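Results of the structural survey
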Amino acid sequence: MSTPTEVAPAPVRKRSLYRGDPGMWSWVLHRITGVSIFFFLFVHVLDTAVIRVNENTYTEIIETYKTPLIGLMEIGLVFCVLYHALNGLRVILIDFWSKGAKYQRQMLWSILTVFAIVFIAAAVRMLQLLFTHAL
């Protein structure tokens, strides 16, 4: 007689909690902007420290910052700081407001609206200054 062999159960696929939800992308962008701001601050401290070593080198470094490429990077920095700050306020409300989790999606769209309005205004002004000084 033969005995039936047991079949191993099919492996259970773990699913992601977010699966592309806007909250996931908000979280990802919050981390990316935070790391970007950290690296900017690191470079900023280093180039500011150069003034104590050699004033002429410091002046040369500051002159390289007056290029259009760095102007575009400054617009990117404004993007990072503004998004990180507004989303940080949303995260604080989610954590410390009893109804924060319930309204987190509405708060996300609200901060994205405020972010878009303020960032577009700031970017337009910065681009005007960039083109004015480039000519």
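Residues numbered from 1 in each chain as written. Predicted model: local features only at pLDDT ≥ 70, side-chain atom pairs only at ≥ 80, totals over all residues. Heavy atoms only, no water.

1. Some details on the environment of Met-126
- With respect to the helices, strands and loops of the structure, Met-126 is situated in helix α4 (residues 104-134).
- Taking the C-alpha atoms as reference points, Met-126 and Ile-75, 51 residues apart in sequence, are found 7.0 Å from one another.
- With residues up to four places along the chain from it excluded, the contact list for Met-126 reads Glu-74, Ile-75 and Val-78. (Helix = DSSP H or I, 4+ residues; strand = E, 2+ residues; numbered from the N terminus. Contact = heavy atoms within 4.5 Å.)

2. Considering the pattern of salt bridges
- A complete count under the given rule lists two salt bridges for this structure.
- Here Arg-105 ties to Asp-21 by a salt bridge, and the two come within 2.9 Å at their closest N and O atoms. Residue Arg-105 is found in helix α4, and its partner Asp-21 is found in the segment before α1 (22-53); the two are separated by 84 residues along the sequence.
- What makes Arg-105 partly exposed here is its relative accessible area of 38%.
- Note on Asp-21: relative accessible area 23%, which makes it partly exposed.
- Of the charged contacts in the structure, one is a salt bridge between Glu-63 and Lys-66, with a shortest N-O distance of 3.2 Å.
- The exposed category is assigned to Lys-66, whose relative accessible area is 59%. (Salt bridge = Lys/Arg side-chain N within 4 Å of Asp/Glu carboxyl O. Buried < 20%, exposed > 50% of the residue type's maximum accessible area, 1.4 Å probe, protein only.)

3. Thoughts on a nonpolar patch on the surface
- Among the surface-exposed residues, Val-35, Phe-38, Phe-39, Phe-42, Val-43 and Leu-46 lie close enough to one another that they form a single nonpolar patch of about 600 Å² accessible area.
- Structurally, the position occupied by Phe-42 is in helix α1.
- On the accessibility criterion, Phe-42 (47% relative accessible area) is partly exposed. (Patch = residues over 30% accessible without salt bridge, like charges linked within 9 Å, V, L, I, M, F, W, Y side chains within 5 Å. Areas by Shrake-Rupley, 256 points an atom, 1.4 Å probe, with all protein chains shown as cover.)

4. Some remarks on the nonpolar core
- Grouped together as the largest cluster of nonpolar side chains are nine residues: Ile-75, Leu-82, Tyr-83, Leu-86, Leu-108, Ile-111, Phe-115, Phe-119 and Ala-123.
- Looking at this core, the elements that each hand over two or more residues are α3 (68-96) and α4.
- Looking at which element gives the most residues to this core, the answer is α4, with five residues.
- When residues no more than four places from it in sequence are discounted, the contact partners of Leu-82 are Phe-115, Val-118 and Phe-119. (Core = buried A, V, L, I, M, F, W, Y, C linked by side-chain atoms within 4.5 Å.)

5. Considerations on the side chain of Asp-47
- Following the sequence through the fold, Asp-47 ends up in helix α1.
- At 13 Å, Lys-66 is the nearest oppositely charged side chain to Asp-47, a buried residue that forms no salt bridge.
- At 3.1 Å, the side chain of Asp-47 and the side chain of Thr-48 are in polar contact.
- Residues contacting Asp-47, with those up to four places away along its chain left out, are Tyr-58, Ile-61 and Tyr-65. (Lys, Arg positive; Asp, Glu negative; His and termini not counted. Polar contact = N/O pair within 3.5 Å; in protein donor to acceptor, adjacent residues only side chain to side chain.)

6. Brief notes about the confidence of the model for the protein chain
- Per-residue pLDDT for the protein chain averages 89, and the proportion of residues at 70 or more is 93%.
- The lowest-confidence element of the protein chain is helix α2 (residues 55-64), averaging 91 in pLDDT; the highest-confidence one is α3, averaging 95. (pLDDT = per-residue confidence, 0-100.)

7. With respect to the packing of aromatic side chains
- Inspection of the entire model under this criterion finds six aromatic pairs.
- Relative to Phe-119, the ring of Phe-79 lies with its centre 5.4 Å away and its plane at 80°, an arrangement referred to as edge-to-face. Placement of the pair is Phe-79 in helix α3 and Phe-119 in helix α4, with a sequence separation of 40 residues.
- The exposure class assigned to Phe-79 is partly exposed, which follows from its relative accessible area of 27%.
- Residue class for Phe-119 comes out buried when judged on its relative accessible area of 17%.
- Linked through ring pairs, Phe-79, Tyr-83, Phe-115 and Phe-119 together constitute an aromatic cluster. (Phe/Tyr/Trp six-rings, centres within 6.5 Å; stacked < 30°, edge-to-face > 60°.)

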